[in-house]
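One-letter residues, chain by chain:
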Amino acid sequence: MKILHLDTNHPLLLEQFAQLGFENHEDYVSSKEEVERKIHEYDGVIIRSRFTLDQQFLDKASNLKFIGRVGAGLENIDVEHAKHKGIFLASAPEGNRNAVGEHTLGMLLYLMNHMGKANREVKKGKWDREGNRGVELDGKTVGIVGYGNMGKAFAKKLRGFDVEVICYDIVGGVGDENARQVGIMEFQQKSDVVSLHVPQTELTVDMVNSEFIDAFHKSFWLLNTARGKCVVTKDLVIGLKSGKVLGAGLDVLEYEKKSFENMFVQKPKAFKYLRKAKNVLLTPHVAGWTVESKEKLAQTIVDKVKEKFC
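Heads up: these notes are all about the structure in this document. Within any chain, residue numbers begin from 1 and follow the written order of that chain's sequence. With the structure being a predicted model, the display of local features is reserved for residues of pLDDT at least 70 and the display and counting of side-chain atom pairs for 80 or more, all residues being used for whole-chain, interface and lining totals. Side-chain figures throughout are based on the complete set of non-hydrogen atoms in the structure, without hydrogens or water.

1. So, the overall build of the protein
- To qualify as a helix, a DSSP run of H or I must reach at least 4 residues; to qualify as a strand, a run of E must reach at least 2; elements of each kind are numbered from the N terminus. When its secondary structure is counted, the protein shows 12 helices and 12 strands.
- Each radius of gyration is computed over the set of C-alpha atoms, and the globule rule expresses the reference value as 2.2 Å times the number of residues to the power 0.38. What you see for the protein is a C-alpha radius of gyration of 21 Å, in line with the 19 Å of a compact globule of 310 residues.
- Taking the principal axes of its C-alpha atoms as reference, the protein extends roughly 65 × 45 × 35 Å.
- Burial classes follow relative accessibility: with a 1.4 Å probe on protein chains only, a residue under 20% of its type's maximum area counts as buried, one over 50% as exposed, and anything between as partly exposed. When burial is assessed residue by residue, the protein has 48% of its 310 residues classed as buried.

2. Points about the environment of Q200
- Tracing the chain through its elements places Q200 in the loop between β9 (193–196) and α9 (210–214).
- Judged by relative accessible area, which is 28%, Q200 ranks as partly exposed.
- By definition in these notes, contact holds between two residues if any of their heavy atoms fall within 4.5 Å. With sequence-adjacent residues up to four places away left out, Q200 is seen in contact with E75, V205, R227 and K229.

3. Let's talk about the packing of helix α10 (residues 233–242) against helix α11 (residues 269–276)
- Here the axes come from fitting lines to C-alpha atoms, over the contacting stretch only for helices, and the angles between their N-to-C directions go from 0 to 180 degrees. Running from N to C, α10 and α11 point in directions that differ by 45°, and their axes come no closer than 9 Å. Taken as axis vectors, α10 and α11 run oblique relative to one another. Note on packing geometry: the crossing formed by α10 with α11 is left-handed. In contact with T233, K234, L236, V237, L240 and K241 of α10, α11 contributes A270, Y273 and L274.
- The residue makeup of the contact of α10 with α11, split by class, is 6 nonpolar, 1 polar and 2 charged. For classification purposes, angles smaller than 35 degrees are called roughly parallel, those larger than 145 roughly antiparallel, those between 65 and 115 roughly perpendicular, and all remaining angles oblique. Crossing handedness: left-handed means the near helix sits turned counterclockwise from the far one by under a right angle, and right-handed means the same turn made clockwise. Gly counts as polar in this scheme, as do all residues outside two lists: the nonpolar Ala, Val, Leu, Ile, Met, Phe, Trp, Tyr, Cys and Pro, and the charged Asp, Glu, Lys and Arg.

4. Observations concerning the packing of aromatic side chains
- Pairs were defined over the aromatic rings of Phe, Tyr and Trp, the Trp ring being its six-membered one, requiring ring centres within 6.5 Å. Orientation was assigned from the angle between planes: stacked under 30 degrees, edge-to-face over 60, tilted for the rest. One pass over the structure, following the stated rule, counts 10 aromatic pairs.
- With a centroid separation of 6.0 Å and 80° between ring planes, the pair formed by F88 and F309 is classed as edge-to-face. You can see F88 sitting in strand β5 (residues 88–90) and its partner F309 sitting in helix α12 (residues 291–309), a full 221 residues away along the chain.
- A relative accessible area of 23% places F88 in the partly exposed class.
- Aromatic pair Y168 and F187: ring centres 6.4 Å apart, planes at 55°, arrangement tilted. Remark: F187 occurs in helix α8 (residues 184–190) and Y168 occurs in strand β7 (residues 164–168); sequence separation between them is 19 residues.
- For F187, a relative accessible area of 0% corresponds to the buried category.
- Counted as over-ring charges are cases with an Arg CZ or a Lys NZ within 6 Å of the ring centre that also lie within 35 degrees of the ring normal. Over the face of the ring belonging to Y42 we find K2, whose NZ or CZ atom lies 5.1 Å from the ring centre.

5. Remarks on the layout of surface pockets
- Within this scheme a cavity is a closed region of a 1 Å grid, computed over the protein atoms alone, that accommodates a 1.4 Å probe without allowing it to escape, whereas a pocket is open but has protein on both sides within 12 Å along at least five of seven lines; lining residues each have an atom within 4 Å of a point. Grid points are joined across faces, edges and corners, and a volume is the space filled by probe spheres set on the points. Its boundaries defined by the atoms lining it, the second largest pocket holds a volume of some 220 Å³.
- L111, H114, L246, K278 and N279 are the residues nearest the centre of the second largest pocket, which is lined by 14 residues in total.
- Elements supplying a minimum of two residues to the lining of the second largest pocket: α5 (93–112), α6 (115–123) and β11 (245–250).
- Here the lining of the second largest pocket is composed, by residue class, of 7 nonpolar, 4 polar and 3 charged.

6. What about the sheet that holds strand β8 (residues 180–181)?
- Taken together, the 7 strands give an open sheet; going across it, the order is β8-β7-β6-β9-β10-β11-β12, and neighbouring strands pair in parallel fashion. At either margin of the open sheet sits one strand with a lone partner, and together these are β8 and β12 (280–282).
- When DSSP finds two or more bridges between a pair of strands, those strands are recorded as paired. Pairing geometry for β7 and β8, over 2 bridges, is parallel. Of the residues in β8, the one forming a bridge with C167 is Q181.
- Lying over the sheet, α5 contacts β9, β10 (220–224), β11 and β12, oriented at roughly 145° with respect to β10.

7. Focus: a positive patch on the surface
- Residues R97, K156, R159 and K296 make up a contiguous surface patch of positive charge.
- Checked against the element boundaries, R159 lands in the loop between α7 (149–157) and β7.
- Given the relative accessible area of 52%, R159 is considered exposed. Surface patches are drawn from residues lacking salt bridges whose relative accessible area is over 30%; two like charges belong together within 9 Å, two nonpolar side chains (Val, Leu, Ile, Met, Phe, Trp, Tyr) within 5 Å. Computed with the Shrake-Rupley method and a 1.4 Å probe, the accessible areas treat only the protein chains shown as cover for residues. Each salt bridge in this description consists of a side-chain nitrogen of Lys or Arg and a carboxyl oxygen of Asp or Glu lying within 4 Å of one another. Positive charges are assigned to Lys and Arg, negative charges to Asp and Glu, while His and the chain termini are left out of the count. The atom standing in for a charge is NZ when the residue is Lys, CZ when it is Arg, CG when it is Asp and CD when it is Glu.

Below, the structure written as structure tokens:
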């Protein structure tokens, strides 16, 4: 089989596919239109997020047997049309779930203990102990929205703390020994921390808005290491200003480009507030972007393709 690699990834992808007898072709610069003109020659495509594999692209890929997406989600692929055409889809949430769990926990502890503010002040010669008094995670209720690979990984990291962990998911029966599944009303009544671990779908886009935030009985910390478009940023800012949201750890932003690779050009007013807020922590979509996860993501794709076709 001939495979077209559209994004750079860990070299083991090329090495192991070659060992399986596949023919690797690399094209990391051509436009989508240029790729469409030759995609009929290939049996497989490996991509991260360079562009969307929509219906038009898939229709031109007349011989395509599989798509390997080196990442957790499939939102840049027309999944329904791919399935209709019998194309095997392989993503790799197993590859970076541990990294996401660790990053999410780090963000939470950073926010609850004012580490960013304290660091900036001490570097400027200011020694304010009382102004940087933190709060402990023990005794809190951590609520996880979306209890798949990522949500479960975060819950596992919380086992060393004296916390109650609850989860909310549209799929029933996903709770386990690390998190008790509850309905949305109990979730919003009890949560001190809300962590998002959902894919980007029609149901999750703009999910965290003013109505969602105001429904919580207590003020809470918000963590988002899932997808930026799940949070309406201007509504989050309203929540931060009112104190309903105690702080926010955002690895992803509503304004991100689809490729996730470059910072957005426009700087909306709401983002300007986030940049200055002392109780907001921002990272550039790197929760699942570790040295170890790069290898594990690639290996997961190879293993899934090998199991299906070899």
